[in-house]
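# A closer look at the structure
Each chain is listed here by its residues.
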Amino acid sequence: QVQLVESGGGLVQAGGSLRLSCAASGGTFSTYSMGWFRQAPGKEREFVAAIRWSGGFTLYADSVKGRFTISRDNAKNTVYLQMNSLKPEDAAVYYCAAVRDSRISLRGRDYDYWGQGTQVTVSS
(Lines give C-alpha, C1' and ligand atoms only; values in the text may rest on other atoms or scores of the structure.)
Protein backbone atom coordinates (compact mmCIF):
# COMPACT_ATOMS: atom_id res chain seq x y z
CA GLN A 1 0.00 0.00 0.00
CA VAL A 2 1.40 3.34 -1.07
CA GLN A 3 0.70 6.52 0.83
CA LEU A 4 1.01 9.87 -0.89
CA VAL A 5 1.16 13.22 0.87
CA GLU A 6 1.09 16.47 -1.07
CA SER A 7 2.40 19.79 0.19
CA GLY A 8 3.35 23.20 -1.11
CA GLY A 9 -0.03 24.60 -2.01
CA GLY A 10 -1.10 28.07 -1.01
CA LEU A 11 -2.17 31.50 -2.18
CA VAL A 12 -0.18 33.20 -4.92
CA GLN A 13 -0.75 36.16 -7.19
CA ALA A 14 -1.26 35.67 -10.89
CA GLY A 15 2.11 35.39 -12.57
CA GLY A 16 3.69 33.89 -9.49
CA SER A 17 5.13 30.45 -8.83
CA LEU A 18 4.61 27.53 -6.50
CA ARG A 19 6.30 24.17 -6.16
CA LEU A 20 4.18 21.24 -5.08
CA SER A 21 5.72 18.16 -3.54
CA CYS A 22 4.32 14.69 -3.14
CA ALA A 23 6.08 12.37 -0.72
CA ALA A 24 5.49 8.66 -1.15
CA SER A 25 5.86 5.87 1.36
CA GLY A 26 4.96 2.22 1.65
CA GLY A 27 6.21 1.07 -1.71
CA THR A 28 9.21 1.04 -4.00
CA PHE A 29 8.87 4.52 -5.41
CA SER A 30 11.08 3.90 -8.41
CA THR A 31 8.61 1.30 -9.72
CA TYR A 32 5.73 3.77 -9.86
CA SER A 33 4.94 6.25 -12.55
CA MET A 34 3.47 9.41 -11.07
CA GLY A 35 0.87 11.92 -12.12
CA TRP A 36 -0.55 15.24 -11.02
CA PHE A 37 -4.23 16.02 -11.42
CA ARG A 38 -6.36 18.94 -10.32
CA GLN A 39 -9.98 19.65 -9.60
CA ALA A 40 -11.57 23.06 -9.39
CA PRO A 41 -14.96 23.63 -7.70
CA GLY A 42 -17.78 22.48 -9.92
CA LYS A 43 -15.44 20.95 -12.46
CA GLU A 44 -14.25 17.46 -13.19
CA ARG A 45 -10.83 16.29 -12.22
CA GLU A 46 -8.33 16.93 -14.98
CA PHE A 47 -4.90 15.69 -15.86
CA VAL A 48 -2.00 18.07 -15.36
CA ALA A 49 1.28 16.17 -15.81
CA ALA A 50 2.85 12.75 -15.47
CA ILE A 51 6.32 11.29 -15.27
CA ARG A 52 7.59 7.82 -15.95
CA TRP A 53 9.07 5.79 -13.14
CA SER A 54 12.59 6.40 -14.42
CA GLY A 55 11.90 10.07 -14.94
CA GLY A 56 12.90 9.77 -18.55
CA PHE A 57 9.56 10.67 -20.05
CA THR A 58 6.99 13.28 -19.15
CA LEU A 59 3.56 14.29 -20.37
CA TYR A 60 1.69 17.56 -19.89
CA ALA A 61 -1.76 18.92 -20.43
CA ASP A 62 -1.80 21.57 -23.14
CA SER A 63 -3.08 24.12 -20.64
CA VAL A 64 0.10 23.91 -18.56
CA LYS A 65 2.73 23.07 -21.15
CA GLY A 66 5.63 25.49 -20.98
CA ARG A 67 4.61 26.75 -17.52
CA PHE A 68 4.64 23.63 -15.32
CA THR A 69 7.43 21.12 -14.88
CA ILE A 70 7.09 17.70 -13.31
CA SER A 71 10.15 16.02 -11.86
CA ARG A 72 11.00 13.30 -9.39
CA ASP A 73 13.74 12.36 -6.99
CA ASN A 74 13.65 8.62 -6.49
CA ALA A 75 16.22 8.85 -3.71
CA LYS A 76 13.79 11.04 -1.76
CA ASN A 77 10.62 9.20 -2.84
CA THR A 78 9.21 12.52 -3.97
CA VAL A 79 7.63 13.93 -7.09
CA TYR A 80 7.44 17.67 -7.71
CA LEU A 81 5.35 20.01 -9.77
CA GLN A 82 6.97 23.37 -10.41
CA MET A 83 4.28 25.83 -11.45
CA ASN A 84 5.31 29.13 -13.00
CA SER A 85 3.33 31.96 -14.54
CA LEU A 86 0.27 30.90 -12.61
CA LYS A 87 -3.13 32.01 -13.83
CA PRO A 88 -6.43 32.30 -11.95
CA GLU A 89 -7.70 29.33 -13.93
CA ASP A 90 -4.95 27.18 -12.39
CA ALA A 91 -6.65 27.45 -9.00
CA ALA A 92 -7.75 24.01 -7.84
CA VAL A 93 -7.02 21.20 -5.44
CA TYR A 94 -3.98 19.40 -6.81
CA TYR A 95 -3.62 15.67 -6.32
CA CYS A 96 -0.71 13.39 -6.96
CA ALA A 97 -1.29 9.82 -8.00
CA ALA A 98 0.79 6.69 -8.48
CA VAL A 99 0.56 3.69 -10.75
CA ARG A 100 2.86 0.70 -10.65
CA ASP A 101 3.70 0.70 -14.31
CA SER A 102 6.45 1.92 -16.56
CA ARG A 103 3.88 3.60 -18.74
CA ILE A 104 2.38 6.95 -17.88
CA SER A 105 -1.23 7.87 -18.38
CA LEU A 106 -3.39 10.96 -18.45
CA ARG A 107 -6.41 8.96 -17.31
CA GLY A 108 -7.16 9.14 -13.64
CA ARG A 109 -8.70 5.70 -13.61
CA ASP A 110 -5.34 4.19 -14.52
CA TYR A 111 -3.81 5.27 -11.22
CA ASP A 112 -3.89 3.07 -8.15
CA TYR A 113 -3.08 5.46 -5.32
CA TRP A 114 -3.99 9.05 -4.60
CA GLY A 115 -2.99 11.71 -2.13
CA GLN A 116 -5.39 13.88 -0.17
CA GLY A 117 -4.71 16.97 -2.26
CA THR A 118 -3.30 20.42 -1.68
CA GLN A 119 -5.13 23.66 -2.41
CA VAL A 120 -3.72 26.16 -4.88
CA THR A 121 -5.36 29.58 -4.98
CA VAL A 122 -4.35 32.19 -7.56
CA SER A 123 -5.47 35.77 -7.09
CA SER A 124 -5.90 38.06 -10.08
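An account of the accompanying structure is given in this report. (Residues numbered from 1 in each chain as written. Predicted model: local features only at pLDDT ≥ 70, side-chain atom pairs only at ≥ 80, totals over all residues. Heavy atoms only, no water.)

### Thoughts on the sheet that holds strand β1 (residues 3-7)
- Taken together, four strands build an open sheet; the order of strands is β1-β3-β8-β7 and the sheet is antiparallel. A strand with exactly one partner marks an edge of an open sheet, and here the two such strands are β1 and β7 (68-73). Across the sheet, the mean angle separating the axes of adjacent strands is 15° when strand polarity is ignored.
- The sheet contact formed by strand β3 (residues 18-25) and strand β8 (residues 78-83) spans six bridges and is antiparallel. Directly across from Leu18, in β8, lies its bridge partner Met83. (Pairing = 2+ DSSP bridges. Helix = DSSP H or I, 4+ residues; strand = E, 2+ residues; numbered from the N terminus. Axes fitted to C-alpha atoms, helices over the stretch in contact; angles between N-to-C directions.)

### Here we look at the side chain of Thr78
- Relative to the assigned elements, Thr78 resides in strand β8.
- According to the relative accessible area criterion, Thr78 is buried, its value standing at 9%.
- Of note is the side chain of Thr78, whose polar atom sits 2.8 Å from the backbone oxygen of Lys76. (Buried < 20%, exposed > 50% of the residue type's maximum accessible area, 1.4 Å probe, protein only. Polar contact = N/O pair within 3.5 Å; in protein donor to acceptor, adjacent residues only side chain to side chain.)

### Some points on the packing of aromatic side chains
- In this structure the tally under the stated criterion is five aromatic pairs.
- An angle of 65° between the planes, with centres 6.1 Å apart, marks the rings of Tyr32 and Tyr113 as edge-to-face. With a gap of 81 residues between them, Tyr32 in the loop between β3 and β4 (33-39) and Tyr113 in strand β10 (residues 113-114) connect regions that are remote in the sequence. The exposure classification of Tyr32 matches that of Tyr113, with both residues buried.
- Each residue in the set Phe37, Phe47, Tyr111 and Trp114 is aromatic and connected to the rest through ring pairs, giving one cluster. (Phe/Tyr/Trp six-rings, centres within 6.5 Å; stacked < 30°, edge-to-face > 60°.)

### Some points on the nonpolar core
- By size, the foremost hydrophobic cluster in this structure holds 38 residues, and its most contacted members are Leu4, Met34, Trp36, Leu81, Met83 and Tyr94.
- Listing elements by their share of this core, those giving two or more residues are β3, β4, β5 (46-51), β7, β8, β9 (92-99) and β11 (118-123). (Core = buried A, V, L, I, M, F, W, Y, C linked by side-chain atoms within 4.5 Å.)

### Section: the environment of Val93
- Checked against the element boundaries, Val93 lands in strand β9.
- The spatial distance from the C-alpha of Val93 to the C-alpha of Gln119 is 4.3 Å, given a sequence separation of 26 residues.
- Each residue touching Val93, except ones within four places of it in the same chain, is listed here: Phe37, Arg38, Gln39, Gly117, Thr118 and Gln119. (Contact = heavy atoms within 4.5 Å.)

### Comments concerning empty space enclosed by the protein
- Applying the stated rule across the entire model yields one cavity of 30 Å³ or more.
- As for the largest cavity, its lining consists of Val2, Ala24, Ser25, Gly26, Gly27, Thr28, Phe29, Tyr32 and Met34.
- Taken together, the residues of the lining of the largest cavity break down into five nonpolar, four polar and no charged. (1 Å grid on protein atoms, 1.4 Å probe; cavity = no way out; pocket = protein on both sides within 12 Å on 5 of 7 lines; lining within 4 Å. Points joined across faces, edges and corners; volume = space filled by probe spheres on them. Nonpolar A, V, L, I, M, F, W, Y, C, P; charged D, E, K, R; others polar.)

### Some words on the pattern of salt bridges
- Summed over all chains, the structure comprises six salt bridges.
- Ionic pairing is found between Arg107 and Asp110, a salt bridge with its closest N-O pair at 2.8 Å.
- When its relative accessible area of 39% is taken as the criterion, Arg107 is described as partly exposed.
- Taking relative accessible area as the criterion, Asp110 reaches 24% and is therefore assigned partly exposed.
- Residues participating in the shared-partner salt-bridge network are Arg38, Glu46, Arg67 and Asp90. (Salt bridge = Lys/Arg side-chain N within 4 Å of Asp/Glu carboxyl O.)

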